[in-house]
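# Summary of structural features
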Amino acid sequence: MGNKISGKDFIKLGFPNNNSINIVLGQIHRYRKKENKQTILNEAKEVLLEPEKYIGHGIWGKVAEGLIKPVEIRLQQLKNTRSPFSIFGENEIDEEAKYQLYDALKLPIAVKGALMPDAHSGYGLPIGGVLATNNAVIPYGVGVDIGCRMSLSVFDLPANFLKGKSHQLVQILQDQTKFGMYETHKVKADHEIFDRTIFNEIPLLKSLKTKAYQQLGSSGGGNHFVEFGIIKLEEVKPEWNLIPGEYLAILSHSGSRGFGANIAKHYTYLATKQCPLPKHVQHLAWLDLNTHDGQEYWMAMNLAGEYAKACHDDIHRRIAKSLGKRIVFNIENHHNFAWKELVDGEERIVHRKGATPAGKGVLGIIPGSMTAPGYIVEGLGNELSINSASHGAGRKMSRAKCKSTITKSFMNAQIKDASIELIGGSVDESPFAYKDIKKVMSLQTELVKVLGTFSPKIVRMDK
DNA sequence: ATGTCC
């Protein structure tokens, strides 16, 4: 017996000569690579004898599943017809994004789809795309930044509180927010989320726990931001304990950082391996929720969502503490996520990739740009949009085009004109790169009702 | 979006 473990070792143990050999080799290569060969083979033998005992186990669960119900991996065929769909703001959406939705609607698991008025093409599902599926989840239908979300915290401070305080507020954003790929808080905050047993149950999550702990309360890069601004409430909810008016608020936009990105990468890889699709739609590979990997992704995705929320809460807590003021209320929503929801009376998996949940009475935030207002909205529960709305204005210029056509001085002048203070922010995040949010909002009056607006005043982004 | 390679 050589040192290197191979398929032959498992055949000798009595493993059936089918995909179970691939599965066990994959799991060992991924999680038990450095361990003693005989130890691993002894464990594998136990699994072979009583696979039922190992269902749900982080490493052996997938092996047990392969022994109990072997599945043949085969190329998935697309349907000839599309599932029903609706497009909101059709004339504002590029053709590529529509084709991407049409392809997704031909997946055998697809039930219903929609495009929001800020849609543009992405990897797999378009950004601004909503897809309801039957008991399956598409990792790229959620997106790389799992749980990317908006969070708005309001202070019982009048709009004129800002007057003369811009220096102090700039300093708070400088000190209390962390941007870019590597910057994290020196003094780490603890969070209940790190006590979850799931970190010990799913090996991938265990390997990402330290990173998650280090990055808690950081914002990352790209279009992520933390900003002070003025919220103007036309209409209030009793639980907000405020009368209509203008108040100081913090708005943040970010996701689950490296934690979610690695979860997305890992399960996308697994999905493409076990759900081969025609090449032009390979990014739409899904995981059946009745499988080990599907269950794991669902749990990991939900944890990444909670982690993203924990990051926002930490950011807002640090800022409020530094400001010495108490947050009166908070509104938040994911816009890259999948949910179990009723669609036309049946439980479905609703993927929103850059789309705001807008079920009846559900509150959300749709940001504009650093010079245009964001909107506090209440969902109208429109079934045509699968209870969704846009997640922003949407880009009208690619990052590459911004870099070649917009100069930093042009952008600075534009921002100064709007009386915005900007810390960081590269030309690809110029307000000029985004569509007109007012126009986008006018295209979704059947999807959401506007309760108020948020106008950014002091904005921090990555450099 | 992300130590931008499974």
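Thresholds applied
- Residues numbered from 1 in each chain as written.
- Chains lettered and ligands numbered in written order.
- Predicted model: local features only at pLDDT ≥ 70, side-chain atom pairs only at ≥ 80, totals over all residues.
- Heavy atoms only, no water.
- Helix = DSSP H or I, 4+ residues; strand = E, 2+ residues; numbered from the N terminus.
- Rg over C-alpha atoms; globule rule 2.2 N^0.38 Å.
- Buried < 20%, exposed > 50% of the residue type's maximum accessible area, 1.4 Å probe, protein only.
- Salt bridge = Lys/Arg side-chain N within 4 Å of Asp/Glu carboxyl O.
- UniProt positions renumbered as here; feature names shortened; annotations may be inferred.
- Contact = heavy atoms within 4.5 Å.
- Axes fitted to C-alpha atoms, helices over the stretch in contact; angles between N-to-C directions.
- Parallel < 35°, antiparallel > 145°, perpendicular 65-115°, else oblique.
- Left-handed = near helix turned anticlockwise from the far one by under 90°.
- Nonpolar A, V, L, I, M, F, W, Y, C, P; charged D, E, K, R; others polar.
- Near = heavy atom within 4 Å.
- Polar contact = N/O pair within 3.5 Å; in protein donor to acceptor, adjacent residues only side chain to side chain.
- Phe/Tyr/Trp six-rings, centres within 6.5 Å; stacked < 30°, edge-to-face > 60°.
- Lys NZ or Arg CZ within 6 Å of the ring centre and 35° of its normal.

Turning next to the overall build of chain A. Within chain A, the regular secondary structure consists of 14 helices and 17 strands. Its C-alpha atoms give chain A a radius of gyration of 24 Å, within 12% of the compact-globule value 23 Å for 463 residues. Principal-axis analysis of the C-alpha atoms gives chain A an extent of 75 × 50 × 50 Å. Scored against the burial criterion, the 463 residues of chain A give a buried share of 56%.

A side chain of one charge can pair with a side chain of the opposite charge if their charged atoms are brought near each other. Tallied over the entire structure, the rule returns 24 salt bridges. The closest approach of N and O atoms between D293 and K62, which form a salt bridge, is 2.6 Å. Taken together, the residues D293 in helix α11 (residues 292-323) and K62 in helix α4 (residues 60-68) connect sequence positions 231 residues apart. K62 carries the same exposure label as D293, and that label is buried. The partner of R460 in a salt bridge is E183, with the nearest N and O atoms 3.9 Å apart.

This part is about the UniProt feature "binding site: Mn(2+) 1" (unreviewed entry) in chain A. This chain's UniProt record puts "binding site: Mn(2+) 1" (unreviewed entry) on D145 and H224. Taking the farthest pair of C-alpha atoms as the criterion, the annotated set spanning 80 residues converges on one region, since that pair is 11.1 Å apart. On the accessibility criterion, D145 (17% relative accessible area) is buried. Among all residues touching D145, those that are not within four sequence positions of it are H224, S254, G255, S256, R257 and N336. Position of H224 relative to the elements: it lies in the loop between α9 (203-215) and β6 (225-233).

On to the packing of helix α10 (residues 257-274) against α11. Geometrically, a packed helix pair is captured by the angle between its two axes and the distance between the axes. At a minimum axis separation of 10 Å, α10 and α11 run at an interaxial angle of 160 degrees. Judged by the inter-axis angle, α10 sits roughly antiparallel to α11. Every pair of crossing elements has a handedness; the one defined by α10 and α11 is left-handed. Between α10 and α11, the contacting residues are F259, G260, I263, Y267, L270 and Q274 on the first element and D293, E296, Y297, A300, L303, A304 and Y307 on the second. Of the residues assigned to the contact of α10 with α11, the class counts are nine nonpolar, two polar and two charged.

The local shell around DNA strand B holds 17 residues, among which V144, K211, G222, N223 and R257 are the closest. Near the protein, meaning within 4 Å, the atoms of DNA strand B are sugar or phosphate in a fraction of 69%, with bases accounting for the rest. Between DNA strand B and K265 there is a distance of 3.1 Å, counted from a phosphate oxygen to a side-chain nitrogen or oxygen. For DNA strand B, a phosphate oxygen lies 3.1 Å from a polar atom in the side chain of R399. Considering only residue class, the surface near DNA strand B consists of five nonpolar, seven polar and five charged.

Mapped onto the elements, D428 comes out in the loop between β16 (421-423) and α14 (437-442). For D428, a relative accessible area of 7% translates into the label buried. One polar contact links D428 to R399, side chain to side chain, over a distance of 2.9 Å. Side-chain polar atoms of D428 contact the side chain of S426, separated by 2.7 Å. Beyond its immediate stretch of four places on either side in the chain, D428 contacts R395, R399, C402, K403 and A433.

To continue, consider the packing of α9 against α10. Contact geometry of α9 with α10 gives a least axis separation of 7 Å together with a crossing angle of 155 degrees. If you check the angle between α9 and α10, you find them roughly antiparallel. Residues L204, L205, L208, K211, A212 and Q215 of α9 form the contact with α10, whose participating residues are R257, G258, F259, N262, I263, H266 and Y267. For the contact of α9 with α10, the residue count by class is seven nonpolar, four polar and two charged.

With that out of the way, let us pick up the UniProt feature "active site" (unreviewed entry) in chain A. In the UniProt entry, the feature "active site" (unreviewed entry) is given for H391. Here H391 lies in the loop between β15 (388-390) and α12 (399-405). Residue classification places H391 among the buried positions, given a relative accessible area of 16%. Only 2.6 Å separates the side chain of H391 from the side chain of D118, close enough to count as a polar contact.

The next subject is the side chain of K37. Note that K37 resides in helix α3 (residues 37-49). With relative accessibility at 10%, the residue K37 sits in the buried group. A polar atom in the side chain of K37 sits 3.3 Å from the backbone oxygen of K4.

Turning our attention to the packing of aromatic side chains. Summed over the entire model, instances satisfying the criterion amount to 13 aromatic pairs. Between the aromatic rings of Y123 and Y140, the centroid separation amounts to 5.5 Å while the plane-to-plane angle is 70 degrees, which identifies the pairing as edge-to-face. On the criterion of sequence distance, the pair formed by Y123 in the loop between β2 (110-120) and β3 (127-133) and Y140 in helix α6 (residues 139-142) is long-range, its members being 17 residues apart. Considering the side-chain rings of F199 and F259, the 6.0 Å spacing of their centres and the 40 degrees angle between planes classify their relative orientation as tilted. Of this pair, F199 sits in helix α8 (residues 198-201) while F259 sits in helix α10, and the two are 60 residues apart along the sequence. F199 gets classed as buried once you look at its relative accessible area, which sits at 2%. On the basis of relative accessibility, which here comes to 0%, the residue F259 falls in the buried class. Cluster of aromatic residues (ring-pair linked, three or more members): F194, F199, Y213, F259 and Y307. Sitting over the ring of F161, K165 keeps its end group 4.2 Å from the ring centre.

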